[in-house]
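So you can see what is in the structure, the chains are spelled out below.
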Amino acid sequence: MCSLLQIAPTIAKMFAIPLSSDAEPLNEVLQLQNQNQIQIQNQNQNKNNSDFRVVLIVIDSFDCNIFRSFASDFPEINALVDRGILLPCDTVSTHTTPAIASILTGLPPESHGITTENDVGKSNIDSILEIIDAYGFKTAAILEEKGAEPLKNRISLVFPVRDREDIMSYDSEVARDVISALSDGAVMIFAHLRTIDRFAHRAYDMHVAARFTDAIVGHIVRAIRTTDAETILIMCGDHEAHTQNETPDEEARVPLIAVPLNTQLSSAAISISDKLMENHD
Ligand SMILES: [Zn+2]
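Residues numbered from 1 in each chain as written. Predicted model: local features only at pLDDT ≥ 70, side-chain atom pairs only at ≥ 80, totals over all residues.

**Concerning the pairing of strand E4 (residues 139-144)**
Stage number 1. With five of six residues buried, E4 lies mostly within the body of the structure.
Stage number 2. Note: E4 against strand E6 (residues 188-193), four bridges, orientation parallel. When the bridges of E6 are listed, Ile142 appears paired with Ala191.
Stage number 3. Of the strand pairs in this sheet, E4 and strand E5 (residues 157-161) are connected by five bridges, and their pairing is parallel. Residue pairing in the sheet places Leu143 in a bridge with Pro160 of E5. (Buried ≥ 20, exposed ≤ 12 C-beta atoms within 10 Å, placed from the backbone. Helix = DSSP H or I, 4+ residues; strand = E, 2+ residues; numbered from the N terminus. Pairing = 2+ DSSP bridges.)

Structure, rendered in structure tokens:
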């Protein structure tokens with residue numbers, strides 16, 4: 001079973017940089033890169049690191065139950081799963097701030113110590129974004145102002161997004177900022193989408209939240225496809241959805257989806273996906 005703690009070690013391995021984490025990189029995701037690098041080397045022996053990019057999108061409260069229950073509202077994301085892999089992942093927290101800190105450090109909450117918004121920026125532990133940027137890769141983060149503040153002057157591009165009542169407008173701004181980061185040449189981009197979480201908390205129509213989030217993802221994917229860089233897109237939830245009548249389940253799982261873009265799609269990647277689906281249905 002995979003865990004959200006494995007995302008940062010996987011990204012570190014993709015950029016061939018060291019990261020202190022007890023979690024193992026996800027071989028299934030690394031294989032998407034390795035296969036494609038071999039293909040690209042065959043086409044172009046001069047390929048260098050700047051032509052490779054990772055885009056990590058954390059979709060707040062996107063859990064396996066929501067993905068399954070609203071499957072028909074996620075056509076774009078399902079099309080990505082068909083071309084990549086889907087791994088159900090163990091979560092590390094029922095709350096956003098510690099979960100995202102774990103996704104970005106590869107450390108459990110008790111190790112990174114970031115449990116509330118007030119702890120953000122006080123931790124001495126660098127995130128994968130800061131580490132990658134320190135190795136000379138242009139890194140971008142798109143997230144709510146309070147979370148973005150401590151990253152200023154620590155990574156190349158920080159896009160603080162002002163919190164607001166109209167959460168779909170918020171996520172639209174996130175998508176625009178991702179596209180700006182692509183134009184600015186960022187090779188590691190982290191973004192956080194919040195519509196599903198807000199709708200779950202308020203007991204609004206989850207079909208609307210699912211379709212909207214799916215469209216935002218589709219918009220970002222099309223923008224990535226207008227660029228040349230070989231891209232691994234990684235998407236995941238951060239914790240189980242907080243619905244009004246249910247208490248969060250510590251054992252909950254969230255989907256992790258990884259897909260190669262701007263590369264020749266390999267049939268091997270699709271067969272991995274089929275196998276995982278069989279095992280986890
Ligand atoms: Zn959350």
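More follows now that the structure is in view.
**Looking at the packing of helix H10 (residues 195-202) against helix H11 (residues 206-225)**
Stage number 1. In contact at an axis separation of 9 Å, H10 and H11 are set at 175° when each is read in the N-to-C sense. Taken together, the axes of H10 and H11 are roughly antiparallel relative to one another. Between H10 and H11, the residues in contact are Thr195, Ile196, Phe199 and Ala200 and Met206, Val208, Ala209, Ala210, Phe212 and Thr213, respectively.
Stage number 2. Taken together, the residues of the contact of H10 with H11 sort by class into eight nonpolar, two polar and no charged. (Axes fitted to C-alpha atoms, helices over the stretch in contact; angles between N-to-C directions. Parallel < 35°, antiparallel > 145°, perpendicular 65-115°, else oblique. Contact = placed C-beta atoms within 7 Å. Nonpolar A, V, L, I, M, F, W, Y, C, P; charged D, E, K, R; others polar.)

**So, the sheet that holds E4**
Sheet strands pair via backbone hydrogen bonds, and the direction of the pair is either parallel or antiparallel.
Stage number 1. Strand order in the open sheet formed by eight strands is E1-E3-E8-E7-E2-E6-E4-E5, with mixed pairing between adjacent strands. With partners counted over all chains shown, the strands left at the sheet margins are strand E1 (2-3) and E5, one partner each.
Stage number 2. Here strand E3 (residues 85-90) runs beside strand E8 (residues 253-261); their pairing, made up of six bridges, is antiparallel. Paired with Pro88 across the bridge in E8 is Pro255.
Stage number 3. Along the sheet, H11 contacts strand E2 (52-59), E6, strand E7 (230-237) and E8; its crossing angle with E7, the most-contacted strand, is approximately 165°.

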